[in-house]
Amino acid sequence: VPERPRARSAYPPRPAQLPPAISGFAGRAGALAELEAALGDGRMARAAGAKAVGVAWGYHEVDELEAAGAHAIAATFRDVPDAVHRLVP
């Protein structure tokens with residue numbers, strides 16, 4: 001198994017990036033799920049009121065993604081739709 005690439009740094013959340021996407025969902029941040037490959041992604045989603053789906057093939061281990069606030073974890077790309085549907089009915 002190849003070694004997982006590590007993020008050089010956990011960048012700060014930038015929740016200002018999500019409002020344009022949220023406005024497309026009638027302003028309902030809870031109707032938006034963002035994929036989280038790095039710790040800052042989940043922090044950004046949570047700060048904007050959106051859901052965060054951690055991806056197990058990203059830069060961080062599952063426990064790190066959960067500790068950073070991932071609402072769900074997708075083990076593979078095929079698991080993404082189910083994870084999103086559980087969070088955003």
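Predicted model only: the values in this text are computed from it and were never measured.

Chemist: Run through the overall build of the protein chain, naming residues and quoting values.
Modeler: A tally of helices and strands in the protein chain yields four helices and three strands. Along the protein chain, from the amino end to the carboxyl end, the secondary structure elements read α-β-α-β-α-β-α. Of all 89 residues assigned to the protein chain, the portion counted as buried reaches 37%. For the protein chain, restricting intrachain contacts to residue pairs at least 6 apart in sequence, the fraction spanning at least 24 positions comes to 41%. In the form shown here, the protein chain has an accessible surface area of approximately 5,400 Å², with 56% of it arising from carbon and sulfur atoms.

Chemist: Tell me about the packing of aromatic side chains, and name the residues and values.
Modeler: Considering all chains together, one arrives at one aromatic pair under this definition. Seen in terms of ring centroids, tryptophan 57 and phenylalanine 77 are 6.5 Å apart; in terms of plane orientation they differ by 65 degrees. Their pairing is edge-to-face. In this pair, tryptophan 57 sits in the loop between strand S2 (51-55) and helix H3 (62-67) while phenylalanine 77 sits in the loop between strand S3 (72-74) and helix H4 (80-87), placing the two residues 20 residues apart along the sequence.

Chemist: Could you give me a rundown of the sheet that holds strand S1 (residues 33-36), with the residues and numbers involved?
Modeler: Here three strands make up an open sheet; going across it, the order is S1-S2-S3 and the pairing parallel. Of all the strands in the sheet, just S1 and S3 have a single pairing partner and so form its edges. On average, each strand axis in the sheet is inclined to that of its neighbour by 30 degrees, with strand direction left out of account. For S1 and S2, the ladder comprises four bridges, and the chain directions are parallel.

Chemist: Which residues make up the side chain of glutamate 36, and what values do they have?
Modeler: In this structure, glutamate 36 sits in strand S1. For glutamate 36, the residues in contact, after removing those within four places along its chain, are Asp41, Gly42, Ala52, Val53, Gly54, Val55, Leu65, Ala68 and Ala70.

Chemist: Which residues make up the pairing of S1, and what values do they have?
Modeler: By the alternation rule, side chains of S1 split into Glu34 and Glu36, which are all buried, and Ala33 and Leu35, of which none is buried. Handedness of the crossover is the feature at issue here: the chain leaves S1, passes through helix H2 (residues 39-48), returns alongside S2, and the resulting connection is right-handed.

Chemist: An account of the nonpolar core is needed here, citing residue identities and associated values.
Modeler: It is characteristic of soluble globular proteins that their nonpolar side chains tend to be buried jointly. One finds Val53, Ala72, Ala74, Val80, Ala83, Leu87 and Val88 forming the largest nonpolar core, which totals seven residues. Those elements that provide at least two residues to this core are S3 and H4. Per-element accounting of this core gives the leading share, three residues, to H4.

Chemist: Tell me what's going on with the environment of alanine 50, and back it up with residues and numbers.
Modeler: Secondary-structure assignment places alanine 50 in the loop between H2 and S2. Take alanine 50: its relative accessible area is 3%, and that puts it in the buried class. Separated by 21 residues in the primary sequence, alanine 50 and histidine 71 have C-alpha atoms spaced 9.7 Å apart.

Rules of the game
Residues numbered from 1 in each chain as written. Predicted model: local features only at pLDDT ≥ 70, side-chain atom pairs only at ≥ 80, totals over all residues. Heavy atoms only, no water. Helix = DSSP H or I, 4+ residues; strand = E, 2+ residues; numbered from the N terminus. Buried < 20%, exposed > 50% of the residue type's maximum accessible area, 1.4 Å probe, protein only. Contact = heavy atoms within 4.5 Å. Areas by Shrake-Rupley, 256 points an atom, 1.4 Å probe, with all protein chains shown as cover. Phe/Tyr/Trp six-rings, centres within 6.5 Å; stacked < 30°, edge-to-face > 60°. Pairing = 2+ DSSP bridges. Axes fitted to C-alpha atoms, helices over the stretch in contact; angles between N-to-C directions. Right-handed = clockwise from strand over helix to strand, strands pointing away. Core = buried A, V, L, I, M, F, W, Y, C linked by side-chain atoms within 4.5 Å.

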